[in-house]
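# Coordinate analysis (summary)
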Amino acid sequence: MALLTPEDLEDLLNKLRQSNETIKASTGKGITEICEDVYGTRPASQKVAIVPITAGNGVIGNFSSSLLAITEYFGLEGYITEHPDITGYHQAVSDGADILLMADDHMFIAHNLKSRKIAANHICTGVIYSEIASRFIHAGSKDVLVIGLGRVGYAGTEHLVKKGFNVYAYDPNTEFMEKAIEELGVNAYDSADPKKFSMVFEATPNANTISEGMIAERCLVSTPGIPCALPPELAENGDIDLVMEPLVIGAAAMLYSVF
Ligand code: 2YJ
Ligand code: MG
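Residues numbered from 1 in each chain as written. Chains lettered and ligands numbered in written order. Predicted model: local features only at pLDDT ≥ 70, side-chain atom pairs only at ≥ 80, totals over all residues. Heavy atoms only, no water.

By the naming in an unreviewed UniProt entry, the chain goes by Pyrrolysine biosynthesis protein PylD and is assigned to Methanococcoides alaskense.

In this section: the packing of helix α2 (residues 31–39) against helix α9 (residues 248–258). Contact geometry for α2 and α9: axes closest at 9 Å, N-to-C directions at 40°. Here α9 runs oblique to α2, going by the angle between their axes. In the crossing of α2 with α9, the sense of the turn from one axis to the other is right-handed. In this structure, α2 contributes Ile31, Thr32, Cys35, Glu36 and Tyr39 to the contact, and α9 contributes Ile249, Ala252, Ala253, Tyr256 and Ser257. Here the residues of the contact of α2 with α9 sort into seven nonpolar, two polar and one charged. (Axes fitted to C-alpha atoms, helices over the stretch in contact; angles between N-to-C directions. Helix = DSSP H or I, 4+ residues; strand = E, 2+ residues; numbered from the N terminus. Parallel < 35°, antiparallel > 145°, perpendicular 65-115°, else oblique. Left-handed = near helix turned anticlockwise from the far one by under 90°. Contact = heavy atoms within 4.5 Å. Nonpolar A, V, L, I, M, F, W, Y, C, P; charged D, E, K, R; others polar.)

A few words on the layout of surface pockets. Computed from the structure, the second largest pocket encloses a volume of approximately 250 Å³. What lines the second largest pocket is a set of 13 residues, among which Lys15, Ser19, Met244, Glu245 and Pro246 lie closest to the centre. Residue assignment for the lining of the second largest pocket shows that the elements contributing at least two residues are α1 (12–27) and β11 (240–243). Sort the elements by how many residues they give to the lining of the second largest pocket and α1 lands first, with four residues. When grouped by side-chain class, the residues that make up the lining of the second largest pocket number seven nonpolar, three polar and three charged. (1 Å grid on protein atoms, 1.4 Å probe; cavity = no way out; pocket = protein on both sides within 12 Å on 5 of 7 lines; lining within 4 Å. Points joined across faces, edges and corners; volume = space filled by probe spheres on them.)

This brings us to the packing of helix α5 (residues 121–134) against helix α6 (residues 151–162). Across the interface, α5 lies against α6 with an axial gap of 7 Å and an inter-helix angle of 50°. The angle between α5 and α6 places the two elements in the oblique class. For the element pair α5 and α6, the recorded crossing hand is right-handed. Where α5 approaches α6, its residues His122, Ile123, Thr125, Gly126, Val127, Ser130, Glu131 and Ser134 are matched on the opposing element by Arg151, Val152, Ala155, Gly156, His159 and Leu160. Looking at the contact of α5 with α6, its residues break down into five nonpolar, seven polar and two charged.

The domain architecture assigned to the chain consists of domain 1 (6–120 + 250–258) and domain 2 (123–244). The straight-line distance from the C-alpha centre of domain 1 to that of domain 2 is 25 Å. Of the residues lining the interface, 23 residues belong to domain 1; the matching set on domain 2 comes to 18 residues. Carbon and sulfur atoms make up 66% of the area that domain 1 and domain 2 hide from each other, which totals about 1,500 Å². The interface formed by domain 1 and domain 2 includes one salt bridge. Where domain 1 touches domain 2, the interface holds five residue pairs in polar contact (both at pLDDT 80 or more). Every element with two or more residues in the side of domain 1 that touches domain 2 is listed here: α1, α2, β5 (118–120) and α9. Taken together, the residues of the side of domain 1 that touches domain 2 break down into 12 nonpolar, eight polar and three charged. (Domains from an automatic or database assignment. Buried area = accessible area lost by both parts, 1.4 Å probe. Salt bridge = Lys/Arg side-chain N within 4 Å of Asp/Glu carboxyl O. Polar contact = N/O pair within 3.5 Å; in protein donor to acceptor, adjacent residues only side chain to side chain.)

What follows is the structure, encoded as structure tokens:
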């Protein structure tokens, strides 16, 4: 899994505004409304504590401050605990925080201490990005292409299957493919038998995973993966809507899932 870098998090709210414009233009709704639809919740003045975590690769510059900006963007009061790790956790609980946000190198969670609801970033990211792809207003069918069946891709695939979409999936890992075919009933995308999709959910840590033969002239590519799934020559094509943003959309889904 790719670790975020401070550079990925620069200018975050501007990147969000751009993504939100694309989401509105290609689905008819913005990220807040889509989160409300998916999770059936709204913010209710919860107090959010962000606990920096030093384990593994340690604190990432801009990470906690980005989470604070996201919290405030969704209208909630938030703060970063003075100390990291257990001391910060103790402070947050003692202060009466409603929701904790914290991440190590493997898991990024939102935990609502009042309702006991807990959310994992990989699940929420898969759900919300696949949901966005599935709402493309110019789609002519219920066929969706999923590229990448890791923990984000699998969660999104499961979500799309539950919603009644016809999922075609591709992952070079044959075990992942077999699991998705057996457990979720997806179709294997076969590059030897090309088919063009207008809805694509991409969840890999790799660049340029999408080729021209996979996508319809007018399409929506929804991807949390850094670097970009679309090769630069395709990304420049004005008929391809690209939703790609490093942190806010996944974190928003986490908050809505624990409200
Ligand atoms: O508290 C900190 O500053 C760090 N311990 C944050 C670590 C952030 N974790 C990651 O970037 C992991 N890859 C999981 C986040 C997934 C985001 N899509
Ligand atoms: Mg990628």
